[in-house]
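These are the residues of each chain, in order.
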Amino acid sequence: MDRFRDHCVVVTGGASGIGAATARALVAEGGRVVIADLQEEAGRALAQELGQSALFCRTDVTVEDDIAGAVAAAQKKLGPLTGMVNNAGVVGAVGSIMQTSADAFDRTMAILSRGVFLGIKHAARAMRPHRRGCIVSLSSTAGVMGGLGPHVYTMAKHGVVGITKSAAAELAPLGIRVNAIAPGGTVTPMTRALGAGDVESTAAFIASNSPLGISCEPEDIARGILYLLSDDARQVTGHTLVVDAGVTTSGSGERPPFYEQAATTMLHAGRTEAG
Ligand SMILES: NC(=O)c1ccc[n+]([C@@H]2O[C@H](COP(=O)([O-])OP(=O)(O)OC[C@H]3O[C@@H](n4cnc5c(N)ncnc54)[C@H](O)[C@@H]3O)[C@@H](O)[C@H]2O)c1
């Protein structure tokens, strides 16, 4: 499998969860990756595991120089940038909108929105001379409908869908595709609170809320990201690929099951307090 033999991709948040699965999958298919993350130990360990095709670059996605540095490191050490995965994320501010502080709003938006904006900006600048490239940003099912996540997270993830369309319009004539992916609940450290704090109970919770009745692993989302990055998707730009086992399209017309059985994180989305 060498679908990504000529590819060099920066993956923000690449030290954990969906980002780590994406980095592994890219290298398994012949690609080269920069793991751009705040977590130094996990990031370096993964880069070592992946060998010469990978390097770790300590990156805070809210800091413009860090994003520019990760892109520069990729170009200097691994070859022209062909892909950018704006994946770094946190749940961020939780609770009623009536109680959410402006500071918590700003911190959450800095990671989930500013980070994606900076990633698209610097990737596009690097890709422009080669007239080739694809940028994929992580939205969420909370980015396509309400009630599935905390308020600020939901706002930011809807914003990812918006900037994806906007940047795709500008960058298409330059040969650069811009897409997003919207996962449903996926078993990663971010979603541990949905279960009892361990992988098994998180997977069981996700499976019990899945119309298909199956849990979602980081590799399931990585496969969607690789599709969008690959030439198989050469006609696809400005698109948000929803990978959620049908949670947002179950057609019941009611609130999705995910809402009805919401665990702590989701209950703190604010609906309960706000009525
Ligand atoms: N897990 C899910 O159910 C789910 C569903 C929909 C969308 N997503 C999105 O997928 C993406 C990846 O999430 P995950 O579930 O793999 O979570 P995760 O917690 O396993 O990984 C997130 C990574 O982002 C990194 N990160 C956080 N803040 C950063 C910053 N400022 N700069 C650089 N790196 C930073 C963390 O260190 C971590 O390695 C996120 O954008 C998340 O919102 C996840």
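Below, the structure is looked at part by part. Per chain, residues are indexed from 1 in the order of the written sequence. The model is predicted, so local features are restricted to residues of pLDDT at least 70 and side-chain atom pairs to those at 80 or more, both for listing and for counting; the totals for chains, interfaces and linings are taken over all residues.

## What about the site of the ligand?
Then step 1. Here, nearness means that the C-beta atom of a residue, built from backbone geometry, sits within 6 Å of the molecule or strand in question. Every one of the 28 residues lining the ligand counts as a neighbour, but Gly-13, Ser-16, Gly-17, Gly-89 and Thr-188 are closest to it.
Then step 2. In terms of residue class, the shell around the ligand is built from eleven nonpolar, 15 polar and two charged. Just so you know the grouping, Ala, Val, Leu, Ile, Met, Phe, Trp, Tyr, Cys and Pro go in nonpolar, Asp, Glu, Lys and Arg go in charged, and all remaining residues, Gly too, go in polar.

## So, the sheet that holds strand S1 (residues 8-12)
Then step 1. In this scheme, strands are said to pair when DSSP sees at least two bridges between them. Helix numbers and strand numbers start at the N terminus; a helix is a DSSP run of H or I with at least 4 residues, a strand a run of E with at least 2. Spatially, S3-S2-S1-S4-S5-S6-S7 is the arrangement adopted by the seven strands of the open sheet, whose pairing is parallel. Pairing within the sheet leaves two strands with one partner each, and these edge strands are strand S3 (54-58) and strand S7 (240-243). The average undirected angle you get between the axes of adjacent strands in this sheet is 20 degrees.
Then step 2. Sheet topology note: the strand S4 (residues 83-86)/strand S5 (residues 133-138) ladder contains four bridges and is parallel. Helix axes are fitted to C-alpha atoms over the stretch in contact, other axes to C-alpha atoms as well, and angles between N-to-C directions run from 0 to 180 degrees.

## Focus: the pairing of S4
Then step 1. Labels follow a simple rule on C-beta atoms placed from the backbone: if 20 or more others lie within 10 Å of a residue's own, it is buried; if 12 or fewer, it is exposed; otherwise it is partly exposed. With burial as the criterion, each face of S4 is covered, one bearing Gly-83 and Val-85 and the other bearing Met-84 and Asn-86.
Then step 2. Handedness is read with the strands pointing away from the viewer; a crossover is right-handed when the path from the first strand over the helix to the second is clockwise. The parallel pair S4 and S5, bridged by helix H4 (residues 102-127), forms a crossover whose chirality is right-handed.

## Observations regarding helix H7 (residues 218-229)
Then step 1. Along its twelve residues, H7 runs 16 Å from first to last C-alpha, staying within 8% of the 16 Å computed at 1.5 Å per residue.
Then step 2. Buried within H7 we find Pro-218, Ile-221, Ala-222, Gly-224, Ile-225, Leu-226, Leu-228 and Leu-229.
Then step 3. Contacts are defined on C-beta atoms placed from the backbone: any two residues whose C-beta positions lie within 7 Å are in contact. On its buried side, H7 packs onto S1, helix H1 (17-28), S4, S5, strand S6 (176-183) and S7. In a helix, the anticipated span is given by 1.5 Å times the number of residues less one.

## Some points on the nonpolar core
Then step 1. In terms of nonpolar packing, the biggest core is built from 70 residues, with Val-10, Ala-23, Val-34 and Ile-35 touching the most fellow members.
Then step 2. Per-element tally for this core: the top contributor is H4, with nine residues.
Then step 3. In this structure Ala-23 touches Val-11, Gly-14, Val-33, Ile-35, Leu-46, Leu-50 and Ala-54, once residues within four positions along its chain are discounted.
Then step 4. Here a nonpolar core is just a set of buried residues of the types Ala, Val, Leu, Ile, Met, Phe, Trp, Tyr and Cys, joined wherever their C-beta atoms sit within 7 Å. If you look at the next biggest cluster of nonpolar residues, it comprises eight residues, including Val-187, Leu-194, Ala-203 and Cys-216.

Take it as geometry only, folks, not as evidence of what the structure does.
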